[in-house]
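Chain by chain, the residues:
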Amino acid sequence: VQLQASGGGLVQAGGSLRLSCAASGRTFRRYNMGWFRQAPGKEREFVAGITWNGGSTYYADSVKGRFTISRDNAKNTAYLQMNSLKPEDTAVYYCAADSRGLEYPGRFEHEYDYWGQGTLVTVSS
């Protein structure tokens, strides 16, 4: 599967953005999906994950209550709605697909097989 992330941009603190991750192919519904981010000078970190049917989600503590991951299997697209953005949310955001078929989303990079190219989110103070 090929992944294309989009929706990044410049936003003021307190604002919102919605990221999209469009997947190619007919097998999107088989994959659990995740969002990761990498801030300047830092390692890539997990943000949120969702199972193939949307039945289970998981969030990093730093975004819990502010970000919402979702998916539309009919559109082969996963989303990350980001509200109440903070300057520390500034990063390149990556979407990823996990083919293991488990009933819970992965939280670690090695659990994901396919990665999108990343989209930059900049939050100004």
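Residues numbered from 1 in each chain as written. Predicted model: local features only at pLDDT ≥ 70, side-chain atom pairs only at ≥ 80, totals over all residues. Heavy atoms only, no water.

A.B. asks: I keep staring at the overall build of the protein chain and nothing clicks. Help me out?
C.D. replies: In terms of helices and strands, the protein chain carries 0 helices and 11 strands. Listing every helix and strand of the protein chain by position from the N terminus yields β-β-β-β-β-β-β-β-β-β-β. Expressed as lengths along the three principal axes of its C-alpha atoms, the size of the protein chain is roughly 40 × 25 × 25 Å. Burial status across the protein chain gives 45% buried among its 125 residues. Summarising the internal contacts of the protein chain: among those between residues at least 6 apart in sequence, 59% fall at separations of at least 24. Accessible surface, the protein chain: about 6400 Å² in total, of which carbon and sulfur atoms supply 46%. Across the protein chain, 14 positive and 11 negative side-chain charges occur, with their mean positions spaced 6 Å apart. (Helix = DSSP H or I, 4+ residues; strand = E, 2+ residues; numbered from the N terminus. Buried < 20%, exposed > 50% of the residue type's maximum accessible area, 1.4 Å probe, protein only. Contact = heavy atoms within 4.5 Å. Areas by Shrake-Rupley, 256 points an atom, 1.4 Å probe, with all protein chains shown as cover. Lys, Arg positive; Asp, Glu negative; His and termini not counted. Charge placed at Lys NZ, Arg CZ, Asp CG, Glu CD.)

A.B. asks: Any chance you could explain the side chain of R37 here in plain terms?
C.D. replies: Looking at the element boundaries, R37 is found in strand β4 (residues 32–38). Reaching out from R37, the side chain makes a polar contact with the side chain of D89 at a distance of 2.9 Å. At a separation of 2.9 Å, a polar atom in the side chain of R37 contacts the side chain of Y93. Discounting residues that sit within four places of it in the chain, R37 has contacts with E43, R44, E45, V47, S62, V63, F67, E88, D89, A91, V92 and Y93. (Polar contact = N/O pair within 3.5 Å; in protein donor to acceptor, adjacent residues only side chain to side chain.)

A.B. asks: Please clarify how the pattern of salt bridges should be interpreted in this entry.
C.D. replies: Two side chains with opposite charge may pair up if their charged atoms get near one another. Within this structure, the stated rule accounts for 7 salt bridges. When the shortest N-O distance is used, the salt bridge between D61 and K64 registers 3.0 Å. Owing to a relative accessible area of 67%, D61 belongs among the exposed residues under this scheme. Among the ionic pairs, D89 bridges to R66, the shortest N-O distance being 2.7 Å. (Salt bridge = Lys/Arg side-chain N within 4 Å of Asp/Glu carboxyl O.)

A.B. asks: What's the story with the pairing of strand β11 (residues 119–124) in this structure? I'm lost.
C.D. replies: Where a strand is regular, its side chains alternate between the two sheet faces. Side chains T119, V121 and V123 project from β11 onto a buried face, and the interleaved L120, T122 and S124 project onto a face without burial. Of the strand pairs in this sheet, strand β2 (residues 9–12) and β11 are connected by 4 bridges, and their pairing is parallel. Residue pairing in the sheet places G9 in a bridge with V121 of β11. As judged from the 3 bridges shared by strand β9 (residues 91–98) and β11, these two strands associate in the antiparallel manner. (Pairing = 2+ DSSP bridges.)

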